[in-house]
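Results of the structural survey
Below, each chain spelled out in residue letters.
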Amino acid sequence: MLCRSPERAETVSHAKSAPAAPLALLEKDFPSELAAFRGKRLLDFGSGWGFQSVAVAKLGADVLALEMVAERRDFTLAEAKKAGVTLRSEALLPAQDRGQFDFVLSLDAMEHYSDPAFILKEMHLALRPGGRLLLSFGPPWYSPYGAHLRFMSPVPWIHLFFSENALMEERRRFRSDGAKKFSEVEGGMNQMTVGRFERMLGSSGFSIERKKMKCVYRMNFLGWIPLVRELFVNEVSVVAVKRS
């Protein structure tokens with residue numbers, strides 16, 4: 001009763017078409033840092049199809065695009081060649097590149113990693129002392145659509161009212177990946193909360209230089225109220241510095 005019909009639901013798109021503005025997220029959340037990329041070494045962590053990596057390389061940065069899926073790495077290199085820029089793409093961070101980067105980018109990925117604490121430590125290892133992590137993600141788990149189920153239901157916080165089993169059973173009418181848990185959906189869901197993210201970031205050796213929390217319904221003041229913020233923060237963005 002609370003779900004759309006599968007025929008009218010959103011479909012999953014795997015299109016490789018370039019976004020109109022590949023740097024839009026960086027321009028929105030990290031404009032001052034974006035202006036400093038030229039001549040710097042930059043790691044795009046979880047680069048996907050690489051459109052952002054190529055766009056950053058066009059700005060004059062020395063870019064390594066880190067992406068696990070071989071097809072996406074190959075596509076990234078082809079796009080870079082077409083654009084006339086040079087970048088590298090690897091599945092994992094090479095040992096010789098640890099401690100060599102001025103910036104690490106991570107956009108719209110932190111809620112998907114199966115071991116986010118390990119990933120943050122890898123990001124920390126990649127940076128040289130004083131290097132900056134530019135990270136944004138959302139929505140966090142307890143936000144209205146934190147379960148990423150809006151394609152099947154417009155009801156906010158539906159994942160707080162129904163069990164995982166019930167939601168996954170209903171989800172099978174919309175998706176064919178066979179997932180029985182949130183952790184098994186395509187891309188994975190680690191149920192990341194605002195508080196959990198802040199604790200992991202602190203224990204990984206970073207100092208938060210700047211933090212922004214955007215709340216649903218433009219009620220951003222709720223982002224500074226303990227506990228309440230978990231229900232309303234829709235996007236978290238931070239600039240964090242490697243202490244040593």
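Our structure is the block above this text.
Residues numbered from 1 in each chain as written. Predicted model: local features only at pLDDT ≥ 70, side-chain atom pairs only at ≥ 80, totals over all residues. Heavy atoms only, no water.

Another aspect to go through is the overall build of the chain. Across its full length, the chain holds nine helices and seven strands. The globule rule puts the C-alpha radius of gyration for 244 residues at 18 Å, and the 19 Å found for the chain is close to it. For the chain, the spread of C-alpha atoms along the principal axes amounts to about 55 × 40 × 30 Å. The proportion of buried residues among the 244 residues of the chain is 50%. Relative to all contacts within the chain whose residues are 6 or more apart in sequence, the contacts with residues 24 or more apart total 67%. With the model as given, the accessible surface of the chain reaches about 12500 Å², and the carbon-plus-sulfur share is 54%. (Helix = DSSP H or I, 4+ residues; strand = E, 2+ residues; numbered from the N terminus. Rg over C-alpha atoms; globule rule 2.2 N^0.38 Å. Buried < 20%, exposed > 50% of the residue type's maximum accessible area, 1.4 Å probe, protein only. Contact = heavy atoms within 4.5 Å. Areas by Shrake-Rupley, 256 points an atom, 1.4 Å probe, with all protein chains shown as cover.)

Another point: the packing of helix H5 (residues 116-126) against helix H8 (residues 194-203). Put simply, H5 and H8 touch, their axes get as near as 9 Å, and they point 40 degrees apart. Considering the angle they form, H5 stands oblique to H8. For the pair H5 and H8, the crossing hand works out as right-handed. Residues Pro116, Ala117 and Leu120 of H5 touch H8, and the partners they reach there are Arg196, Met200 and Leu201. Classifying every residue of the contact of H5 with H8 gives five nonpolar, no polar and one charged. (Axes fitted to C-alpha atoms, helices over the stretch in contact; angles between N-to-C directions. Parallel < 35°, antiparallel > 145°, perpendicular 65-115°, else oblique. Left-handed = near helix turned anticlockwise from the far one by under 90°. Nonpolar A, V, L, I, M, F, W, Y, C, P; charged D, E, K, R; others polar.)

To continue, consider a nonpolar patch on the surface. A surface patch of nonpolar side chains, amounting to about 800 Å² of accessible area, comprises Met1, Leu2, Tyr142, Leu160, Phe161, Phe162 and Leu231. Summarising the element assignment, phenylalanine 162 is placed in the loop between helix H6 (158-161) and helix H7 (164-171). (Patch = residues over 30% accessible without salt bridge, like charges linked within 9 Å, V, L, I, M, F, W, Y side chains within 5 Å. Salt bridge = Lys/Arg side-chain N within 4 Å of Asp/Glu carboxyl O.)

Looking now at H8. Along H8, the positions that sit buried rather than exposed are Val194, Gly195, Phe197, Glu198, Met200 and Leu201. Against H5, strand E5 (127-137), strand E6 (206-215), helix H9 (228-232) and strand E7 (233-242) lie the buried residues of H8. Residue glycine 205 follows H8 closely and has a positive phi angle near 100 degrees.

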